[in-house]
Structure formats: C-alpha cells, structure tokens
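Commentary on secondary and tertiary structure
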Amino acid sequence: DVKVTQSSRYLVKRTGEKVFLECVQDMDHENMFWYRQDPGLGLRLIYFSYDVKMKEKGDIPEGYSVSREKKERFSLILESASTNQTSMYLCASSLITGGEGYGYTFGSGTRLTVV
Amino acid sequence: QKEVEQDPGPLSVPEGAIVSLNCTYSNSAFQYFMWYRQYSRKGPELLMYTYSSGNKEDGRFTAQVDKSSKYISLFIRDSQPSDSATYLCAMSINDMRFGAGTRLTVKP
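Along each chain, numbering runs from 1 in the same order as the chain's sequence is written. Just so you know, chain letters begin at A and ligand numbers begin at 1, following the order they were written in. Predicted model: local features are reported for residues with pLDDT of at least 70 only, side-chain atom pairs are reported and counted for 80 or more only, and whole-chain, interface and lining totals are derived from all residues. Only hydrogens and water are set aside when side-chain values are computed; all heavy atoms of the structure are taken into account.

What follows concerns the overall build of chain A. A count of helical and extended segments in chain A gives zero helices and eleven strands. Counting from the amino terminus, chain A carries its helices and strands in the arrangement β-β-β-β-β-β-β-β-β-β-β. Computed over the C-alpha atoms, the radius of gyration of chain A is 13 Å, within 12% of the 13 Å expected from 2.2 N^0.38 for a compact globule of 115 residues. Here the C-alpha coordinates of chain A stretch approximately 40 × 30 × 25 Å along the principal axes. Partly exposed describes any residue whose relative accessible area lies between the buried limit of under 20% and the exposed limit of over 50%, with all areas from a 1.4 Å probe on protein chains only and scaled to the type maximum. Evaluated residue by residue, chain A yields a buried proportion of 49% over its 115 residues. Of all intrachain contacts in chain A linking residues separated by at least 6 positions in sequence, the fraction that spans at least 24 positions is 55%. On chain A, the mean spot of the 15 positive side-chain charges and the mean spot of the 15 negative ones are 7 Å from each other. What counts as a helix is a DSSP run of H or I of at least four residues, what counts as a strand is a run of E of at least two, and both are numbered from the N terminus. Based on C-alpha atoms, the radius of gyration is set beside the globule rule, defined as 2.2 Å times the residue count to the power 0.38. Contacts between residues were defined by any pair of non-hydrogen atoms, one from each residue, lying within 4.5 Å. Neither His nor the chain ends is counted toward charge; the positive residues are Lys and Arg and the negative residues Asp and Glu. Each charge is placed at NZ for Lys, CZ for Arg, CG for Asp and CD for Glu.

What follows covers the state of the cysteines. In this description, the term disulfide denotes a pair of cysteine sulfurs within 2.5 Å. A full pass over the atoms with the stated rule returns two disulfides over all chains. C23 of chain A shares a disulfide with C91 of chain A; S-S distance 1.9 Å. One disulfide, between C23 of chain A and C91 of chain A, carries an S-S torsion of -75° and so falls in the left-handed class. Of this pair, C23 of chain A sits in strand β3 (residues 19–25) while C91 of chain A sits in strand β9 (residues 87–94); the two residues are 68 residues apart in sequence, bridging distant segments of the chain. Like C91 of chain A, C23 of chain A is buried. At a sulfur-sulfur separation of 2.0 Å, the disulfide partner of C23 of chain B is C89 of chain B. In this structure, the disulfide formed by C23 of chain B and C89 of chain B twists by about -100° around the S-S bond and is classed as left-handed. Remark: C89 of chain B occurs in strand β9 (residues 85–92) and C23 of chain B occurs in strand β3 (residues 19–25); sequence separation between them is 66 residues. In terms of burial, C23 of chain B and C89 of chain B fall into one category: buried.

Right, let's get into the environment of K71 of chain A. Residues and elements named next belong to chain A. Considering the arrangement of structural elements, one finds K71 in the loop between β7 (64–70) and β8 (73–78). It is 8.6 Å that separates the C-alpha atoms of K71 and K53, two residues lying 18 residues apart in sequence. Among all residues touching K71, those that are not within four sequence positions of it are Q25, D28, H29, E30, M32 and V52. At 2.9 Å, the side chain of K71 forms a polar contact with the side chain of D28. Under this definition, polar contacts are N or O atom pairs within 3.5 Å; protein pairs additionally need one hydrogen-donor-capable and one acceptor-capable atom, and for neighbouring residues in sequence, both atoms have to be side-chain atoms.

In this section: the pairing of strand β11 (residues 110–114) of chain A. All names here are of chain A. Only one face of β11 is buried: it carries T110, L112 and V114, and the other face, with R111 and T113, is open. Where strand β2 (residues 10–13) and β11 come together, four bridges link them in parallel fashion. Bridge pairing links V12 to T113 in β11. Any two strands are treated as partners once DSSP identifies two or more bridges connecting them. Inspection of the sheet shows β9 paired to β11 by three bridges, in the antiparallel sense. Within β11, the position partnered with S87 by the bridge is L112.

Below, the discussion takes up the interface of chain A and chain B. Taken residue by residue, the interface counts 21 residues in chain A and 21 residues in chain B. Buried surface at the junction of chain A and chain B, summed over both partners, amounts to about 1,700 Å²; 54% is from carbon and sulfur atoms. What counts as a salt bridge is simple: a side-chain nitrogen of Lys or Arg found within 4 Å of a carboxyl oxygen of Asp or Glu. Remark: the boundary between chain A and chain B carries one salt bridge. Of the charged contacts in the structure, one is a salt bridge between D59 of chain A and R97 of chain B, with a shortest N-O distance of 2.4 Å. Taken together, the connections running from chain A to chain B amount to five residue pairs in polar contact (both at pLDDT 80 or more). Of all the elements in the fold, those that place two or more residues in the side of chain A that touches chain B are β4 (31–38) and β5 (42–49) of chain A. Values labelled buried area give the accessible surface lost by two parts on being combined, using a 1.4 Å probe and summing over both.

Function cannot be inferred from these measures alone, as they are strictly geometric.
This is how it looks when you write it as structure tokens:
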C-alpha cells in the first residue's frame, strides 16, 4: 500500500521556536506539497516541489520554508513559530502535477499547536 | 470571491438517505474534478474523479460535473454511518484547488 508518512501526529511548540515537519513518500512521486487546513478555510497551499532541490511558493508561503534534498522527503520549516501558525498541516504527493485521474495522496496530518 | 465554494455544513442525515454535496467554482479553465473524503484525524483520500463534464458512478457514489453552470455534485445513495466524514471537492488545471469541505454525519 502506497504511503505518505508524516513524522508527528501532534506537536506543541513555543512561540519563536524553529519547527521542522517531515514528510516521506514511498511512491517515487515527482511532486510533493505542503498544505495547512483550517476550519472554514479548507486546504491552503504553502509550498510545493516538482523535483529534488526545487521549490515553488504556494498561496501562503510567508513564515515558512521548505527543503527537498531527496526525492522521497519534503520538509516544512517554520522559521519562528507564531500562534497564528497553529493548524493542521498536510503533506501530499502526486505522480503528475495536474489532476488527470491520479489525484494527490495525503499523509495523516500533523496537528501543530503554538503556545 | 473564492475560486471554489463549498457549503461547510454540517449536514446530518438518517441512515439510508440520499446525500447531495455540491461545489461551485469561478475558473472555467478547470478540467479535472475530484472528490476527497476525510475521516476525523486523517488525511483526505481520493474518492471520485471526473474529467470535464458528465457523470461518473462508482457503487453508491455518483459524481456530476456541469461545466456550463460551473457546478459539481457528489451523490451518495443508501448512506451509511461509515460515510460520516468531511467531503472536499477539488479541481485542477495544473495545480489543485480545494473547497473548504462539507462535514457529513449519517445517523443510524
């Protein structure tokens, strides 16, 4: 069974901390994505990557950065955590960039609370 | 105006009811339309996929796309308590745009 694995289910961090969220996929997918999910706002794209060492800003990149040193791993970094970054973070991967029947495979999410 | 609009509900129905979930969108360039199901404390999983206009049926689920009205629907027949989840519509050209999700509860 193909998988996207997020390293932590729940995290509690303090304001100002540097936070790393890790995501690993075992499907040899080219494309990986980081979303945050908030009630009433749905999924909002933070960053995505089409290939190793490549990254593109999504709709809400401010306060975040990413790293993709290996094809299977995509990390989201909160440079200095703030309370408004308390959210559910979802990692996804896909074979191709558009929908085209493949869709995205999501991880189970990391619920981050910044206090 | 949001690119994809979806009523967040919540929607509560008795077991066996027909459920209708809907989304509207503004970008006529969208070509691929999907529905994802998300159980509590899980990530979304792809449920249905449709290309362009038309209907697609998979068991108790039917997805409809009306591009002229920029309107997509998901119908669930003979709904079951196990269908209780949040349903997200999604559509794409080159990247995926999601609705906010509709929370559905099917009561036994």
